[in-house]
Amino acid sequence: VSDMPLDQEQTTIGSHAILITPDHQLILQRRNPDPSFPNAGKISLFGGSILLSEDPLMGLHRELLEELELDTNQFLLQNLGTYYKTQALDGIEFTVHVFLIRDIDFSRLVLHEGAGFVIETLETLLQDPSLTRITRLALEDLKKLDVTSTM
């Protein structure tokens, strides 16, 4: 365990997840509407910045435990892709690793961050203008996968 202050251990690398229910609904986060929060009121992925002492999977495990009380050790995580926030488009340089986690029982999630859950089909979500840019890119890539044809 590092004795470095948390802000000094933060990285510009994030690990995030698209949660998928057994009936192919996607579970995403409605961000806090307070304008002081990044992406206020938008729909985004669960997850966050990894620490210097973590790899992307370790960081995702910690973030989802903190945000949802979801233990990712019980699930097979599939790497969807890596996305890049840029200063020009997003106001920050940031690398985002996105994973898929299937067979999530929504009733067992406990929300600790954000304004609420958004649970919709992939097609419905792709029509929503309030998706963050990275969330939209990840969902568009998810749509390209054969396994999503029933979503």
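Treat the numbers as computed from the prediction; the structure is a model and nothing was measured. (Residues numbered from 1 in each chain as written. Predicted model: local features only at pLDDT ≥ 70, side-chain atom pairs only at ≥ 80, totals over all residues. Heavy atoms only, no water.)

## As for the nonpolar core
- Ranked by internal contacts, the top residues of the largest apolar core, which has 21 residues, are Ile18, Leu26, Leu80, Val98, Leu125, Leu139 and Leu142.
- Where this core is concerned, the elements lending two or more residues are β1 (10–20), β2 (26–30), β5 (77–85), β6 (94–101), α4 (122–126) and α5 (133–144).
- Discounting residues that sit within four places of it in the chain, Leu80 has contacts with Ile18, Val98, Phe99, Leu100, Ala138, Asp141, Leu142 and Leu145. (Core = buried A, V, L, I, M, F, W, Y, C linked by side-chain atoms within 4.5 Å. Buried < 20%, exposed > 50% of the residue type's maximum accessible area, 1.4 Å probe, protein only. Helix = DSSP H or I, 4+ residues; strand = E, 2+ residues; numbered from the N terminus. Contact = heavy atoms within 4.5 Å.)

## Quick look at the confidence of the model for the protein
- On average, residues of the protein score 91 in pLDDT, and 91% of them reach the 70 mark or higher.
- A low-confidence stretch, residues 1–6 stays under pLDDT 50, and its non-local contacts, those more than four residues away or across chains, total four contacts. (pLDDT = per-residue confidence, 0-100.)

## A look at the pairing of β6
- Burial analysis of β6 places seven of its eight residues in the buried class, the great majority of the element.
- Where β1 lies against β6, seven bridges are found, and the strand directions are parallel. The partner of His16 across the bridge, within β6, is Val98.
- The pairing of β5 with β6 spans eight bridges and is antiparallel. For Thr82, the partnering residue across the bridge sits in β6 and is His97. (Pairing = 2+ DSSP bridges.)

## So, the environment of Leu109
- As for its position among the elements, Leu109 is in the loop between β6 and β7 (116–120).
- Separated by 14 residues in sequence, Leu109 and Thr95 have C-alpha atoms that sit 26 Å apart.

## Topic: the packing of aromatic side chains
- According to the stated counting rule, one finds two aromatic pairs in the structure shown.
- Consider the rings of Phe46 and Phe117, whose centres lie 5.9 Å apart with planes at 50 degrees: the pair is tilted. Residue Phe46 is located in strand β4 (residues 46–51), and its partner Phe117 is located in strand β7; the two are separated by 71 residues in the primary sequence.
- You can call Phe117 partly exposed: its relative accessible area is 24%.
- An aromatic cluster is built from Phe46, Phe106 and Phe117, whose rings are joined through pairwise contacts.
- Of note, Lys85 hangs over the ring of Phe94, and the distance from its end group to the ring centre comes to 5.5 Å. (Phe/Tyr/Trp six-rings, centres within 6.5 Å; stacked < 30°, edge-to-face > 60°. Lys NZ or Arg CZ within 6 Å of the ring centre and 35° of its normal.)

## Here we look at helix α2 (residues 56–68)
- Along its 13 residues, α2 runs 17 Å from first to last C-alpha, staying within 8% of the 18 Å computed at 1.5 Å per residue.
- Within the span of α2, buried status applies to Gly59, Leu60, His61, Arg62, Glu63, Leu64, Glu67 and Leu68.
- Here the buried face of α2 lies against β1, β2, β4, β5, β6 and β7.
- Where α2 begins, the side chain of Asp55 points an oxygen toward the backbone nitrogen of Leu57, at a separation of 3.0 Å. (Expected span 1.5 Å × (residues − 1). Polar contact = N/O pair within 3.5 Å; in protein donor to acceptor, adjacent residues only side chain to side chain.)

## Looking at α5
- For α5, with 12 residues, the first-to-last C-alpha span of 17 Å sits near the 16 Å given by 1.5 Å per residue.
- Where α5 is concerned, the buried positions are Ile134, Thr135, Ala138, Leu139 and Leu142. The buried side chains of α5 occupy one side of the element, clustering within an arc of 130 degrees when seen end-on.
- In this structure, the buried side of α5 is in contact with β1, β2, β3 (43–44), β5, β6 and α4. (Arc of directions from axis to C-beta.)

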